[in-house]
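Report on the structure
In case you want the letters, here they are:
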Amino acid sequence: MAKIFCVANQKGGVGKTTTAVNLAAGLAQLDQRVLLVDLDPQGNATMGAGINKSELTASVYEVLLGLSDIQTARKHSETGKFDVLPANRELAGAEVEMVELENREKRLKDAIALVDADYDFVLIDCPPALSMLTLNGLCAAHGVIIPMQCEYYALEGLSDLVNTIKKVHAKLNTDLKIIGLLRVMFDPRMTLSQQVSAQLEQHFGDKVFKTIIPRNVRLAEAPSYGMPGVSFDPASKGAQAYIAFGAEMVQRIKSL
Ligand code: ATP
Ligand code: MG
């Protein structure tokens, strides 16, 4: 059975997609079979995996609405060596269109169940909102990975996310837990980064991943080549950190 994780934070631009794509590629390098689900109409994870979002015949949108099956819609990322359930802007309509459907929070869960046996990990890249799409991600997952920048406003909004996760846990998905907080875009030269990082460790203990992802320009350049940073420049500090994070996740799931 695959372990299913959402990469979520309703704050925009905190490194969700970079984390989802590079963790997928890092796990693939560790011989794990991975499906990356792009649950964001921006389609950044799709493009970052080297799949052209404007040439899709089927996407996660059709899967959620029951217009295509997941086996048909999934693609393979040649640059990342993992499968992708891709997304494009069509997905923005799904929020409204799903309102009429039965069991609307569990459409993604039901779809993933059909291919579960093909993977060790399913990673879901959530949009920057606590929306019906994110809810579908949370209902499908065993756990949540929360990327955070170590800056003054990082903790603001975290309680909204934690409360949403608690509600979903209570009402819709008793499996769901927070797997951990991942410190990303970390700049060790900034005193503030060090302070916030220490605060996170104090408050959240072993819910803070050991691996820290540094700010690294190669990670930011990679998507324009349709490649995960891990494949684009494997020797870079950013790539090395995501490979280490992959290894940490493989260890973590043993105790889940
Ligand atoms: P959104 O909320 O819009 O979906 P996001 O949370 O998915 O955003 P990303 O798209 O992963 O965030 O990252 C935001 C920007 O920061 C991107 O330009 C990305 O390339 C850059 N970035 C992410 N992580 C790093 C890093 N470790 N070092 C340098 N740049 C990074
Ligand atoms: Mg994103």
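Summarised in this report is the structure supplied together with it. (Residues numbered from 1 in each chain as written. Chains lettered and ligands numbered in written order. Predicted model: local features only at pLDDT ≥ 70, side-chain atom pairs only at ≥ 80, totals over all residues. Heavy atoms only, no water.)

**Looking at the nonpolar core**
Definition in use: Residues belong to one nonpolar core when they are buried, are Ala, Val, Leu, Ile, Met, Phe, Trp, Tyr or Cys, and are joined through side-chain atoms within 4.5 Å. Exposure classes here rest on a 1.4 Å probe applied to the protein chains alone. A residue is buried below 20% of its type maximum, exposed above 50%, and partly exposed in between. Elements are defined by DSSP. Helices are runs of H or I of four residues or more, strands are runs of E of two residues or more, and each kind is numbered from the N terminus. It only takes one pair of heavy atoms within 4.5 Å for two residues to be counted as in contact.
Counting residues in each nonpolar core, the largest one holds 52 residues, and the members touching the most others are Val37, Val60, Leu85, Leu108, Val122, Ile124 and Ile146. Per-element accounting of this core gives the leading share, six residues, to helix H7 (residues 132-140). Leaving out residues up to four positions away in the same chain, Ile124 has contacts with Ile4, Phe5, Cys6, Val7, Val37, Leu39, Leu108, Ile112, Gly137 and Ala140.

**Let's talk about the pairing of strand E6 (residues 143-149)**
Rules: DSSP calls a pair of strands paired once it identifies at least 2 bridges connecting them.
Where burial is concerned, most of E6 is hidden: seven out of the seven residues are buried. Burial along E6 is two-sided: the face carrying Gly143, Ile145, Pro147 and Gln149 and the face carrying Val144, Ile146 and Met148 are both buried. As paired strands, strand E1 (residues 3-7) and E6 are joined by three bridges and run parallel to one another. Paired with Phe5 across the bridge in E6 is Gly143. Of the pairings in the sheet, the one linking E6 to strand E7 (residues 177-186) comprises seven bridges and is parallel in character. By the bridge assignment for E7, Val144 is matched with Ile178.

**Remarks on the packing of H7 against helix H8 (residues 158-171)**
Note the threshold: For every element, the axis is a line fit to its C-alpha atoms; helices are fit only across the contacting stretch, and the angle between N-to-C directions ranges from 0 to 180 degrees. Throughout this description, any angle smaller than 35 degrees is read as roughly parallel, any larger than 145 degrees as roughly antiparallel, any in the 65 to 115 degree range as roughly perpendicular, and the remainder as oblique. Two helices crossing with the near one rotated counterclockwise from the far one by less than a right angle form a left-handed crossing, whereas a clockwise rotation gives a right-handed crossing. Residues are grouped as follows: nonpolar covers Ala, Val, Leu, Ile, Met, Phe, Trp, Tyr, Cys and Pro; charged covers Asp, Glu, Lys and Arg; every other residue, Gly included, is treated as polar.
Look at H7 against H8: their axes get within 10 Å of each other, and the N-to-C directions meet at 55 degrees. The angle between the axes of H7 and H8 places the two elements in the oblique class. The element H7 and its partner H8 pack so that their crossing is right-handed. In this structure, H7 uses Leu135, Leu138 and Cys139 to contact H8, whose residues at the interface are Thr164, Ile165 and Val168. In the contact of H7 with H8, the residues fall into five nonpolar, one polar and no charged.

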